[in-house]
Amino acid sequence: MAAVAGDSAMEVVPALTEEAAAEAVGPSCLVQLPGEVLEYILCSGSLTALDIGRVSSTCRRLREVCQSSGQVWKEQFRVRWPSLMKHYSPTDYVNWLEEYKVRQKAGLEARKIVASFSKRFFSEHVPCNGFSDIENLEGPEIFFEDELVCILNMEGRKALTWKYYAKKILYYLRQQKILNNLKAFLQQPDDYESYLEGHILSSMVLQALGNLSEESWLSLGITASWPSVVWSSPNVTPLQIVLRCSASESRPLPGDAQLFFLTVAALFLWSPALQLRAHFCAVYIDQYCNPLSDISLRDIQAQIHSIVELVCKTLRGINSRHPSLTFRAGESPMIMEIELQSQVLDAINYVLYDQLKFKGNRMDYYNALNLYMHQVLTRRTGIPISMSLLYLTIARQLGVPLEPVNFPSHFLLRWCQGAEGATLDIFDYIYIDAFGKGKQLTVKECEYLIGQHVTAALYGVVNVKKVLQRMVGNLLSLGKREGIDQSYQLLRDSLDLYLAMYPDQVQLLLLQARLYFHLGIWPEKVLDILQHIQTLDPGQHGAVGYLVQHTLEHIERKKEEVGVEVKLRSEEKHRDVCYSIGLVMKHKRYGYNCVIYGWDPTCMMGHEWIRNMNVHSLPHGHHQPFYNVLVEDGSCRYAAQGEVFAVPPPVPG
């Protein structure tokens, strides 16, 4: 029976081989599957980029399926770096294979730089403020930032030194980008409009011109070819149209011509760019002071838009035919009737303060979180200026012309009650206290609010730069309240923002130089600041000279410390050092093996490092010997004595 079975098996194998060969040339062959099916298989998630590269090298058919701009390489990019996909538009052509290569290269470069910072710190005690190594990086900055975020998100408390430097570098990169954006924003004139916004306005103005009667055209002294002449110049603004049209204002104007003037003025005053400038500034401040948080203008606008929708829902119950309900996204027409404006404000007050429970933060007024827009929206509380900006943005999106008032000690909004075109004074406005649940105040009540009489000039409207100055000034005051054990990061950030607006403020420059000198960081930067102060105000020679002298001494001491320092365990200050250089150690918590190559009698790192590394949670805190150790993965670390133990030598045998 065994022989018979064996013969049968020998006959079956060739038959199966022939059948498999027939199937290989049949329609079930892999390369003959539809392209969509092949893409689905290759995007299943089980293949790496190396696998895809090998697959695409097998034949022309699979190479076509794995084309560089196709779905296969897009999926490889998405799976590897999902957070980057938000930077790509679905309609854009993208060479995903090339993007993958560039991102991979940027990641390797980022890790190389972070590793170099780590090694330099433990050998030279570099304060990590120059960042000259990362200022000339090749490739998109977002790729480099994404790799730094990946390092920060590494599992558990592994690679703490790498995370420490990745955090510092990411902080620096994002702040520099935000500061550059803010400076460019501040250089724009107050009536700045982007190209797109200017194009929309010009189209609407031309439509208004087209509605004029022949009589009105003649009364304005405009010929049929005038619009095309005006708009042939890219520098013409709607305000210039108003000025040109008003050249014949001595002649009586028909009603539709007067309407034209109102239309142009309204379009100019209510450009979306003008409405959101203060809002942009608030977001820039938020981003600069919280560079490691994922704060975007789009997200904040989306949150505000959701509040606007709730207001519209409430407004629909008050007046189902209210014109604000017909506004489309991105439009901000102006509502002229006071009664209709009042209905909008009533709806805003109900939604913000009764439904969503927003309120002024009286209990914790001097908290920096009250000035950050994403925190105001999340915590639903703030101080007068942040609450006012939120209220202002919502009101303007619904067509109510509120204006910011830089009132002393309490930021307010004003709402015009006077007749259109009349000469107005401070008594023709109602003042809105967004901090006080949208309460509407008279001039007398405003003075009662702060307990003093003020001049009429302080009731005037302020521009965006003044709003920004006030917000940064508040942060500056809060920064000066930081304790001596802190890194003064808020004070440093607010000084950077203030000096971006007013780079020649001598007292603030002097404060910045003293701060850097006190923290012992960036001595070269201190000298540059002091030189600039001396140029601006030679009268500061005494203070400048003192700081210059001590900064130069600091630099010389650092140069002297670069040499090898001899430490003897027999000295009294080293009596608590238990382990010698060259010993093989093992970390109790993280389990890595390492070799000691240096020690300090106590932790010699700064307050920021100690706080970030959570050294205070150790049994003896920073008051114990710390060792410079070389880890088996090639990294250098700084370990507390209580966290390591000596590895016994191997037993021969």
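An unreviewed UniProt entry annotates the protein as F-box domain-containing protein of Myodes glareolus.

One open sheet accounts for five strands, arranged 10-9-8-7-11; its pairing is antiparallel. Each having just a single partner strand, strand 10 (636-640) and strand 11 (644-646) make up the two edges of the open sheet. Direction aside, neighbouring strands of the sheet carry axes that sit 45 degrees apart on average. Bridge count between strand 7 (residues 584-587) and strand 8 (residues 593-600): three bridges; the pairing is antiparallel. By the bridge assignment, Met585 is partnered in strand 8 with Cys594.

On to the sheet that holds strand 3 (residues 403-405). Ordered by their spatial adjacency, four strands build an open sheet running 3-4-5-6, and the pairing between neighbours is antiparallel. Where the open sheet ends on each side, the last strands, each with one partner, are strand 3 and strand 6 (439-441). Averaged over all pairs of adjacent strands, the angle between their axes in this sheet comes to 40 degrees, without regard to strand direction. Sheet analysis places strand 4 (residues 412-416) next to strand 5 (residues 429-433), joined by four bridges and oriented antiparallel. Along strand 5, the bridge assignment pairs Cys416 with Tyr429.

The phi dihedral of Lys357 is positive, around 65 degrees, even though this residue is not glycine. Looking at the secondary structure, you find Lys357 in the loop between helix 16 (338-355) and strand 1 (359-360). Given the relative accessible area of 56%, Lys357 is considered exposed. For Lys437, which is not glycine, the phi dihedral falls at a positive 60 degrees. In this structure, Lys437 sits in the loop between strand 5 and strand 6.

Let us now look at empty space enclosed by the protein. Inspection of the entire model under this criterion finds one cavity of 30 Å³ or more. Each pocket or cavity is described by its volume, and for the largest cavity that value is around 290 Å³. Leu160, His587, Tyr590, Met613 and Tyr638 are the residues nearest the centre of the largest cavity, which is lined by 20 residues in total. Looking at the lining of the largest cavity element by element, the count peaks at four residues for strand 10.

A few words on the packing of aromatic side chains. Two aromatic rings are characterised by how far apart their centres lie and by the angle between their planes. Evaluated as defined, the whole model comprises 16 aromatic pairs. For the pair Tyr365 and Tyr366, a centre-to-centre distance of 5.2 Å together with 70 degrees between the ring planes defines the contact as edge-to-face. By relative accessible area, Tyr366 is classed as exposed at 56%. Consider the rings of Tyr365 and Phe435, whose centres lie 5.9 Å apart with planes at 80 degrees: the pair is edge-to-face. You can see Tyr365 sitting in the loop between strand 1 and helix 17 (373-379) and its partner Phe435 sitting in the loop between strand 5 and strand 6, a full 70 residues away along the chain. For Tyr365, a relative accessible area of 28% corresponds to the partly exposed category. Of the aromatic side chains, those joined through ring pairs into one cluster are Trp73, Phe77, Trp81, Tyr88, Trp96, Tyr100 and Phe143.

Calculation notes
Residues numbered from 1 in each chain as written. Predicted model: local features only at pLDDT ≥ 70, side-chain atom pairs only at ≥ 80, totals over all residues. Heavy atoms only, no water. Pairing = 2+ DSSP bridges. Helix = DSSP H or I, 4+ residues; strand = E, 2+ residues; numbered from the N terminus. Axes fitted to C-alpha atoms, helices over the stretch in contact; angles between N-to-C directions. Buried < 20%, exposed > 50% of the residue type's maximum accessible area, 1.4 Å probe, protein only. 1 Å grid on protein atoms, 1.4 Å probe; cavity = no way out; pocket = protein on both sides within 12 Å on 5 of 7 lines; lining within 4 Å. Points joined across faces, edges and corners; volume = space filled by probe spheres on them. Phe/Tyr/Trp six-rings, centres within 6.5 Å; stacked < 30°, edge-to-face > 60°.

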